Amino acid sequence: MTKLKKRIEQIKQKRPGYGEILDFYQKVKEAQAQVTASLKIDPIKLKKEWKELLTKESFSLIQKEDFPLNIEASAKLFQTLCQIGKDSNPHMAEQVGKIKEVLDNKKIDLKNLLKEGGKEQRIEQVANEFGLDKKVFSFLIQSSIKPSIEAGMEQLRSELDPETWLKGYCPVCGSLPSLSLLRGEGGKRYLICSYCGYQWRIDRIFCPYCNNQEQGSLQYFYGEGEESYRIDLCDKCRQYIKTIDYRNLEESDPSLEDLATLHLDILASQKGYKRPIPNPWAHEKWYMGIGR
Ligand SMILES: [Zn+2]
Ligand SMILES: [Zn+2]
């Protein structure tokens, strides 16, 4: 946490426009770290055939819904995050108020919903039914189960070789990547799973969203004076992934670096490219000032 706080301070000084969003980020991370410190989850029992399927058919080891969740801890974290959100900005405060009302009237069962936390459709359905902002609601649910998901991923880490998978989806849970990283000598490229956070190696010339490997239709651009961050564009699927280049940047939380460069997402979107897995922290109603 100390390192994270230091990095947040650095970014704030460089980009004061990000102050509000970074304060929020830090509080959420602190709350999650507290849960993680004493978190207990059930062991994942891998079946032998699952590993065979991984090797032979390239199936991921498990699926999103197979992660064991500590529901008590997630429910408590949900309440904490609601409080943090309430104090962070007016839109969040309004949404948290609505969510509380629905929960207080027992119209939804929070624990049941958390159990289904991996199902984006279910969250969407509930949000629609009660007129909630889907993005905020989903953020709160996903962030509440995140410590359990990451603990589950850690259990499975030893089953896999991150250097040899080389596919556009996560070998642990099958989800799409949210970011890519360059690190090490020569700049090996890695992807980060948007759901469980696992990192695995990938070719330098590769679009993880459509498997395009043709150099001619893959390009990238940097932010001005920010050579450590780039946007990798694919002209085949018109989508992009953000790449954080750690060769000249101290190792830090990739999701923080992503959040601190939302102005690059705005640029990519202006060029007509879509981001399949948007930054979960980015919400147009929270952070209007960024990129202006
Ligand atoms: Zn994953
Ligand atoms: Zn593509």
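Caption draft 1: Layout of the coordination of the zinc ion (ligand 2). Protein coordination of the zinc ion (ligand 2) is provided by Cys207 (SG), Cys210 (SG), Cys234 (SG) and Cys237 (SG), with donor distances spanning 2.2 to 2.3 Å. If you look at the zinc ion (ligand 2), its 4 donor atoms make angles of 104 to 113° with each other, and the shape they trace is tetrahedral. In the primary sequence, the donor residues of the zinc ion (ligand 2) line up as C-x2-C-x23-C-x2-C. On the criterion of sequence distance, the pair formed by Cys207 in the loop between β3 (199-202) and β4 (218-223) and Cys234 in strand β5 (residues 226-234) is long-range, its members being 27 residues apart. Across this residue pair, the class does not change: Cys207 and Cys234 are buried.

Caption draft 2: Structural detail: the packing of aromatic side chains. Considering all chains together, one arrives at 7 aromatic pairs under this definition. Measuring from ring centre to ring centre gives 4.6 Å for Tyr25 and Trp281, while their planes differ by 55°; the resulting arrangement is tilted. In this pair, Tyr25 sits in helix α2 (residues 19-37) while Trp281 sits in the segment after α10 (262-270), placing the two residues 256 residues apart along the sequence. The residues Tyr25 and Trp281 share a single accessibility class, namely buried. On the numbers, 5.8 Å between centres and 55° between planes, the contact of Phe67 with Tyr195 is tilted. Placement of the pair is Phe67 in the loop between α3 (48-57) and α4 (71-88) and Tyr195 in the loop between β2 (188-193) and β3, with a sequence separation of 128 residues.

Caption draft 3: Highlighting the coordination of the zinc ion (ligand 1). Summarising the metal site, the zinc ion (ligand 1) is bound by the protein donors Cys170 (SG), Cys173 (SG), Cys193 (SG) and Cys196 (SG), whose distances to it range over 2.3 to 2.4 Å. Angles of 99 to 121° at the metal separate the 4 donor atoms of the zinc ion (ligand 1), which places the site in the tetrahedral class. Along the chain, the residues donating to the zinc ion (ligand 1) are arranged with the sequence spacing C-x2-C-x19-C-x2-C. Each member of the pair, Cys170 as well as Cys173, carries the same accessibility label: buried.

Each value, and the rule that gives it
Residues numbered from 1 in each chain as written. Chains lettered and ligands numbered in written order. Predicted model: local features only at pLDDT ≥ 70, side-chain atom pairs only at ≥ 80, totals over all residues. Heavy atoms only, no water. Donors = N, O, S within 2.8 Å, 3.2 Å for Na, K, Ca; no water. Tetrahedral: all angles 85-135°; square planar, octahedral: opposite > 155°, others 65-115°. Helix = DSSP H or I, 4+ residues; strand = E, 2+ residues; numbered from the N terminus. Buried < 20%, exposed > 50% of the residue type's maximum accessible area, 1.4 Å probe, protein only. Phe/Tyr/Trp six-rings, centres within 6.5 Å; stacked < 30°, edge-to-face > 60°.

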